[in-house]
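Given next are the chains, with one letter for each unit.
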Amino acid sequence: MKKRIVYKWCLIASLLLNALNMYPYDFKVDGFYYNKLSGTEVEITYGGGKYLSTPEYEGDLTIPSQISYQGNEYNVKSIGEYAFFACNNLYSIIIPNSIISIKQYAFHGCI
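Analysis parameters
- Residues numbered from 1 in each chain as written.
- Predicted model: local features only at pLDDT ≥ 70, side-chain atom pairs only at ≥ 80, totals over all residues.
- Heavy atoms only, no water.
- Salt bridge = Lys/Arg side-chain N within 4 Å of Asp/Glu carboxyl O.
- Helix = DSSP H or I, 4+ residues; strand = E, 2+ residues; numbered from the N terminus.
- Buried < 20%, exposed > 50% of the residue type's maximum accessible area, 1.4 Å probe, protein only.
- Pairing = 2+ DSSP bridges.
- pLDDT = per-residue confidence, 0-100.
- Contact = heavy atoms within 4.5 Å.

Draft legend 1. Expanded view of the pattern of salt bridges. Applying the stated criterion to the full structure yields one salt bridge. A salt bridge links Glu43 to Lys103; the nearest nitrogen and oxygen atoms lie 2.9 Å apart. On the criterion of sequence distance, the pair formed by Glu43 in strand E3 (residues 41-45) and Lys103 in the segment after strand E8 (101-102) is long-range, its members being 60 residues apart. When its relative accessible area of 34% is taken as the criterion, Lys103 is described as partly exposed.

Draft legend 2. Molecular detail of the pairing of strand E6 (residues 72-79). Both E3 and E6 contribute to a ladder of four bridges, which runs parallel. Residue pairing in the sheet places Glu43 in a bridge with Ser78 of E6. Pairing of strand E5 (residues 66-69) with E6, which is carried by four bridges, proceeds in the antiparallel orientation. Bridging from a neighbouring strand, Ile67 pairs with Tyr74 of E6.

Draft legend 3. Spatial organisation of the environment of Tyr25. Within the secondary structure, Tyr25 sits in the loop between helix H1 (2-20) and strand E1 (27-29). Residues Tyr25 and Glu43, 18 residues apart in the sequence, show an inter-C-alpha distance of 9.5 Å.

Draft legend 4. Representation of the environment of Asp30 within the structure. Here Asp30 shows up in the loop between E1 and strand E2 (32-36). Given the relative accessible area of 76%, Asp30 is considered exposed. Distance from Asp30 to Ser68, taken between C-alpha atoms, is 10.0 Å for residues 38 residues apart in sequence.

Draft legend 5. A look at the confidence of the model for the chain. Per-residue pLDDT for the chain has a mean of 82; in total, 73% of the residues score no lower than 70. Predicted confidence is poor over residues 15-21, with pLDDT under 50, and the contacts of this stretch with residues over four places away or in other chains come to zero contacts.

Spelled out as structure tokens, the structure:
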């Protein structure tokens, strides 16, 4: 009986933790999804799951070097993992000098 109760509580805790992480991004500004890296730094990320059936970015894009969100200014410092995953309708992208890292699989499947 004790094992069954512990199992149920573990299952409930697991479901609650997953619900807290429903979105892989912290906020969205002007069509880009962002994760906070520190107090004033963010990275471009994806808006859905890792294996998207519909690309989230397309056309000609310019990544901003700075953004404003809820009265705070952020410096865009990185392009995160899977940020532009499978974006096969992405024609061009202008990356500002503020970007200091492009993480693994950032442009995987774009060609």
